[in-house]
Amino acid sequence: MQVKPGRTGLNTMHAVIACFHCDLPVPAAGAHRARVLGAEREFCCAGCEAVARTIAGAGFERYYETRTAPAERPAETTKSCSIEGNEAALILEHVRCAACLWLIEQVLRRHPGVAHASVNYATQRAQVSWDVQNTSLAAIVESIRAVGYDACPYDPRTQDELERRDRRTALWRLFVAGFGAMQVMMYAFPAYVDDVGPEAAQVMRWASLLITLPVLVFSCAPFFSGALHELRQRRIGLDTPIALGLGFGFAASAWATVAGSGEVYFDSISMLAFLLLGARYLEAAARRRAARALDPLLRFTSEKQIAEGHTIAVAPGERIPADGVVLEGASSADESLLTGESRPVPKRAGDELVGGAVNLEQPLVMRVTRAGADTRAAAIARLAERGAASKPRLVETAERVARHLTWVIVLTAALAGLYFSNPWIAVAVLVVACPCALALAAPIVLTRASGTLLARGVLLTRARALEALDRVTDVVLDKTGTLTTGRISVAKVVPLGTLDKPACLDLARSLEASSRHPVARAFTGAVTVDIESPRNFPGQGIEGRVQGRRVRIGTADFCSELCGLPQPALHDARVFLADEAGWLAAFELADSLRPTAHGFVAGLEAKVHLASGDRPEVVAALARELGIASWEGAMSPEDKYRYIERLQREGRVVAMVGDGLNDAPVLARADVSFAMGSGADAAQLKADVVLMSDSLEGIPQTLHLARRAMRLVRQNIAWAIVYNAIALPLAAVGWIGPWEAALAMGASSLTVLLNALRPLGPEPGWKASTSSFPSRSPSYS
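Residues numbered from 1 in each chain as written. Predicted model: local features only at pLDDT ≥ 70, side-chain atom pairs only at ≥ 80, totals over all residues. Heavy atoms only, no water.

1. Some words on the overall build of the chain
So, point 1. Secondary structure assignment for the chain yields 27 helices and 27 strands.
So, point 2. Taking all 781 residues of the chain together, 53% fall into the buried category.
So, point 3. Contacts in the chain between residues at least 24 apart in sequence constitute 68% of all its contacts with a sequence separation of at least 6.
So, point 4. With an accessible surface of roughly 35,000 Å², the chain has 56% of that area assigned to carbon and sulfur atoms. (Helix = DSSP H or I, 4+ residues; strand = E, 2+ residues; numbered from the N terminus. Buried < 20%, exposed > 50% of the residue type's maximum accessible area, 1.4 Å probe, protein only. Contact = heavy atoms within 4.5 Å. Areas by Shrake-Rupley, 256 points an atom, 1.4 Å probe, with all protein chains shown as cover.)

2. Some words on the packing of helix 13 (residues 393-420) against helix 14 (residues 423-432)
So, point 1. As a packed pair, helix 13 and helix 14 sit with axes 7 Å apart at the nearest point and diverge in direction by 160°. It follows from the interaxial angle that helix 13 and helix 14 lie roughly antiparallel. For the pair helix 13 and helix 14, the crossing hand works out as right-handed. Contact with helix 13, carried on its side by Ile409, Val410, Thr412, Ala413, Ala416, Gly417 and Phe420, involves Ile425, Ala426, Val429 and Leu430 of helix 14 and no other residues of that element.
So, point 2. Split by residue class, the contact of helix 13 with helix 14 holds 9 nonpolar, 2 polar and no charged. (Axes fitted to C-alpha atoms, helices over the stretch in contact; angles between N-to-C directions. Parallel < 35°, antiparallel > 145°, perpendicular 65-115°, else oblique. Left-handed = near helix turned anticlockwise from the far one by under 90°. Nonpolar A, V, L, I, M, F, W, Y, C, P; charged D, E, K, R; others polar.)

3. Regarding the pattern of salt bridges
So, point 1. One pass over the full model with this rule turns up 19 salt bridges.
So, point 2. Note that Arg707 is salt-bridged to Glu605, the shortest N-O span being 4.0 Å. Of this pair, Arg707 sits in helix 26 (residues 698-732) while Glu605 sits in the loop between helix 21 (597-603) and strand 23 (607-611), placing them 102 residues apart in sequence.
So, point 3. Looking at Arg707, the relative accessible area reads 21%, which means it is partly exposed.
So, point 4. For the salt bridge of Arg642 with Asp639, the shortest nitrogen-to-oxygen distance reads 2.6 Å. Of this pair, Arg642 and Asp639 are both found in helix 23 (residues 637-649), 3 residues apart, which corresponds to roughly one turn of the helix.
So, point 5. Several salt bridges share partner residues, and in doing so they unite Glu543, Arg550, Arg552 and Glu561 into one network. (Salt bridge = Lys/Arg side-chain N within 4 Å of Asp/Glu carboxyl O.)

4. Regarding the packing of aromatic side chains
So, point 1. In total, this model carries 9 aromatic pairs according to the counting rule given.
So, point 2. Centre to centre, the rings of Trp172 and Phe175 are 5.9 Å apart; their planes meet at 85°, and the pair counts as edge-to-face. Linking Trp172 with Phe175, this pair stays in helix 5 (residues 156-193), spanning 3 residues, or about one helical turn.
So, point 3. Consider the rings of Phe523 and Phe587, whose centres lie 5.1 Å apart with planes at 85°: the pair is edge-to-face. Taken together, the positions of Phe523 in the loop between helix 19 (501-512) and strand 18 (532-537) and Phe587 in strand 22 (residues 582-590) put the pair 64 residues apart, joining distant regions of the chain. (Phe/Tyr/Trp six-rings, centres within 6.5 Å; stacked < 30°, edge-to-face > 60°.)

5. Re helix 19
So, point 1. For helix 19, built from 12 residues, the straight-helix expectation of 16 Å at 1.5 Å per residue is met to within 8% by its first-to-last C-alpha distance of 16 Å.
So, point 2. Of all the residues in helix 19, the buried ones are Cys504, Leu505, Leu507, Ala508, Ser510, Leu511 and Glu512.
So, point 3. Tucked inside the fold, the buried residues of helix 19 contact strand 17 (489-495), strand 19 (541-546), strand 20 (549-554), strand 21 (575-579) and strand 22.
So, point 4. The N-terminus of helix 19 is capped by Asp500, whose side-chain oxygen sits 2.9 Å from the backbone nitrogen of Ala503. (Expected span 1.5 Å × (residues − 1). Polar contact = N/O pair within 3.5 Å; in protein donor to acceptor, adjacent residues only side chain to side chain.)

6. A closer look at the sheet that holds strand 13 (residues 358-359)
So, point 1. Spatial strand order, 11-10-13: 3 strands in an open sheet with antiparallel pairing. A single partner strand is all that each edge strand has here, and the edge strands are strand 11 (345-347) and strand 13.
So, point 2. In this sheet, strand 13 lies alongside strand 10 (residues 331-334) in antiparallel orientation, the contact comprising 2 bridges. Bridging from a neighbouring strand, Asp334 pairs with Val358 of strand 13. (Pairing = 2+ DSSP bridges.)

7. Points about a nonpolar patch on the surface
So, point 1. Taken together, Trp172, Phe175, Phe179, Met182 and Phe218 make up a surface patch of nonpolar side chains, about 570 Å² in accessible area.
So, point 2. In terms of residue count, helix 5 provides more of the nonpolar patch than any other element does, 4 residues in total.
So, point 3. Along the chain, Met182 falls in helix 5.
So, point 4. Residue Met182 is classed as exposed on the basis of its relative accessible area of 53%. (Patch = residues over 30% accessible without salt bridge, like charges linked within 9 Å, V, L, I, M, F, W, Y side chains within 5 Å.)

8. Observations regarding the sheet that holds strand 20
So, point 1. What the 6 strands build is an open sheet, ordered 17-22-21-20-19-18; its pairing is antiparallel. Looking along the sheet, the strands with just one partner apiece sit at the ends: strand 17 and strand 18. Strand-to-strand twist across the sheet, computed as the mean angle between neighbouring axes with direction ignored, equals 20°.
So, point 2. Pairing of strand 19 with strand 20, which is carried by 6 bridges, proceeds in the antiparallel orientation. Within strand 20, the residue paired with Val546 across the bridge is Arg549.
So, point 3. Lying over the sheet, helix 20 (residues 556-563) contacts strand 18, strand 19, strand 20, strand 21 and strand 22, oriented at roughly 165° with respect to strand 20.

9. A look at the environment of Asp694
So, point 1. Mapped onto the secondary structure, Asp694 falls in the loop between strand 27 (689-691) and helix 26.
So, point 2. Residues Asp694 and Asp659, 35 residues apart in the sequence, show an inter-C-alpha distance of 9.9 Å.

10. Digging into helix 8 (residues 239-259)
So, point 1. Taking 1.5 Å per residue as the helical rise, helix 8 with its 21 residues ought to reach 30 Å, and the 30 Å between its terminal C-alpha atoms agrees with that figure.
So, point 2. Positive phi shows up at Gly260, right after helix 8, with a value of about 80°.

11. Observations concerning the nonpolar core
So, point 1. With 53 residues, the main nonpolar core has Leu477, Leu483 and Ile699 as its most contacted residues.
So, point 2. When residues in this core are grouped by element, the largest group, 9 residues, is from helix 26.
So, point 3. In this structure, Ile425, Ala732, Ile736 and Ala742 belong to the second largest nonpolar core, which totals 46 residues. (Core = buried A, V, L, I, M, F, W, Y, C linked by side-chain atoms within 4.5 Å.)

12. Overview of unusual backbone geometry
With glycine set apart, most residues show a phi of negative sign, and most peptide bonds adopt trans.
So, point 1. The phi dihedral of Ser421 falls on the positive side, at around 50°, and the residue is not glycine.
So, point 2. For Ser421, the location among the structural elements is in the loop between helix 13 and helix 14.
So, point 3. Taking relative accessible area as the criterion, Ser421 reaches 67% and is therefore assigned exposed.
So, point 4. A positive phi is found at Gln547, a non-glycine position, where the angle reads about 55°.
So, point 5. Within the secondary structure layout, Gln547 lies in the loop between strand 19 and strand 20.
So, point 6. Gln547 gets classed as exposed once you look at its relative accessible area, which sits at 76%.

13. Notes on the side chain of Ser332
So, point 1. Relative to the assigned elements, Ser332 resides in strand 10.
So, point 2. At a separation of 3.3 Å, a polar atom in the side chain of Ser332 contacts the side chain of Glu361.

14. A few points about the confidence of the model for the chain
So, point 1. Scored by pLDDT, the chain comes out at a mean of 78, with 81% of its residues at no less than 70.
So, point 2. Confidence over residues 1-14 falls short of pLDDT 50; this stretch has 24 contacts with residues more than four positions distant or in other chains.
So, point 3. Note that pLDDT drops below 50 for residues 75-82; the model gives that stretch 15 contacts with residues more than four away or on any other chain. (pLDDT = per-residue confidence, 0-100.)

15. Quick word on the packing of helix 14 against helix 26
So, point 1. In the contact formed by helix 14 and helix 26, the axes pass within 8 Å of each other and the chain directions differ by 170°. When the axes of helix 14 and helix 26 are compared, the pair comes out roughly antiparallel. Here helix 14 contributes Ile425, Ala428, Val429 and Val432 to the contact with helix 26, which in turn contributes Tyr723, Ala727, Leu728, Ala731 and Ala732.
So, point 2. Within the contact of helix 14 with helix 26, the residues separate by chemical class into 9 nonpolar, no polar and no charged.

16. Quick look at the pairing of strand 9 (residues 323-328)
So, point 1. Pairing between strand 9 and strand 14 (residues 364-370): 5 bridges, direction antiparallel. Looking at the pairing, Val325 lines up with Arg367 of strand 14.
So, point 2. Where strand 9 lies against strand 12 (residues 352-353), 2 bridges are found, and the strand directions are antiparallel. By the bridge assignment, Val325 is partnered in strand 12 with Glu352.

What follows is the structure in structure tokens.
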């Protein structure tokens, strides 16, 4: 990608730029900017940018005019909390378990001014939106830090660095625990097979204590720090039982060593730590693998540093950096990042380009129309992150059970240890129970489901919709733009008044220019008539004023109400034009059926309904052609709403598929809703699932995957409940020792993880390739 000199106004010189705050060299021009003293300033890092924004936001910009020396660069640990808008994805740090994330989510939701907050366990990211009048991102992050955690706005480089650091530290902790367990076992083994004598036994005990000490201090530090955090917050999480078991076991063994009498279990403690850390390492690896499916869009949208109006040259093979319009050249683009469909899309001068697509063949010159957070890819990324963070009711119930189970574990351990006068029974109880299996049961499956659907061009905006998708009994379809392509054209113009055909079309185009309804797209072209106060009547049409007189375009009844005359006897007309004096014109429109419509309707396992605002005879003909038994035509948005309500009162679980502005209320009313990617923004905002590829095939795929995902979730939750119901009593009566408890707990978590990673369905056949399909674009040369 290149920024062409002379078009962008950017400084293309290679001179070194100094940071406006600390005067150090700026490594990447444009990476960190803020408006200070009336101009855009460059900064060397996110910390300097954050400090400068804070100074400017507080009204202290004169500092930069009166200072006599550059400021010091903020410490590298300082994280920028500056972000445009009122919504952000946050990376959460120092998180150890699901209880930590639950606490963070509660803190965010109770923070004054926060409108929405949801935390995704699999990605360990939070999606937050807030009221800028009442709070700021910096204040939100401070509330997270106040409870012992940390957060920063999502950035792919920061995310990668944190993952590398955590993975390296986890491996070192695991290595020390494993090495310590092997060494302690060497000292313990002779005592198990032979009587080595009291003096030799005491030497081996002290050696075992010294080797176990670094295992406890270094390898087990996350358990103890986590338990300390939980104690400060006056709650019990998943770290508390483990820390109690390890600490109590070591203390009892150390006392026996100092006293020279009693049993020691340093080998069990070391092996226990190794198994617990191994289970957590595998859990983190599975979490990263699940989160990777959602990363491509987020990474792309976080890397762009381009402004609206720039002119950009995009070389073949490069990713288009923002939304825009082709100015020069002809090529084709792979838009699979957004639509899941890798078939090349021809691009020539005047065509739209979508950020995130790949230019395949020839150079293109584009003008940026939307950049950064305003691009379509950024909007999809926000919806995808929000969808992955939401939880079905079944999952929320499992998380509540996991929190209560922790209290049951601690209480059972205390009672069992006291009853049998055996501290190691208490240790076994604390270790064997596995509330983390309940916490793991769903998030990884749900994140994988969101990522898999996204790869197929299906955007899941609410993960809790999977629960409804699993139970769908009826699918209600809109007609225009759903079963048909929605690319409507004017087939015939019938003048009914004093205006000729071109004048009628000009007036119709000007009125429809204010609408995004699929029918309005039939009237494309230049706007030549000045329309005053245009007003949209959903499901009916548009009204405006032309030279003082009221004019309407829309349904026959809508226009007849204005002119006061009966409808003309034109059976094929769908759109009418009238003013206060009488009828002006009638328009016959043509729309083609989607090629996949027949197979789609035949392949749906649910009962299919067709609900359309089109004329009953047109709807009836289409229903007969597709084999749909239940249909209704001439329906207003209110009629469709009542139709959905009636089905729900009968106990049906209804999925609604639509794409128009007038479908938004119906989409919100349905148990679960689909919106076509080419449809109105209002419909997409209300929908639970957006078909970005605009293909009906995504609907049965989504239903199938939802059933598979929820089946895996139920299996995981059932396994976790059955395991804890069996393991807890066995440990409480002494049938399971500490070492066996650690092994059983690790095996339980691993079982849940492996089941969560099972295939959700057939692999998508959309893999991007620059040579899979012959290009249909004309040659640039």
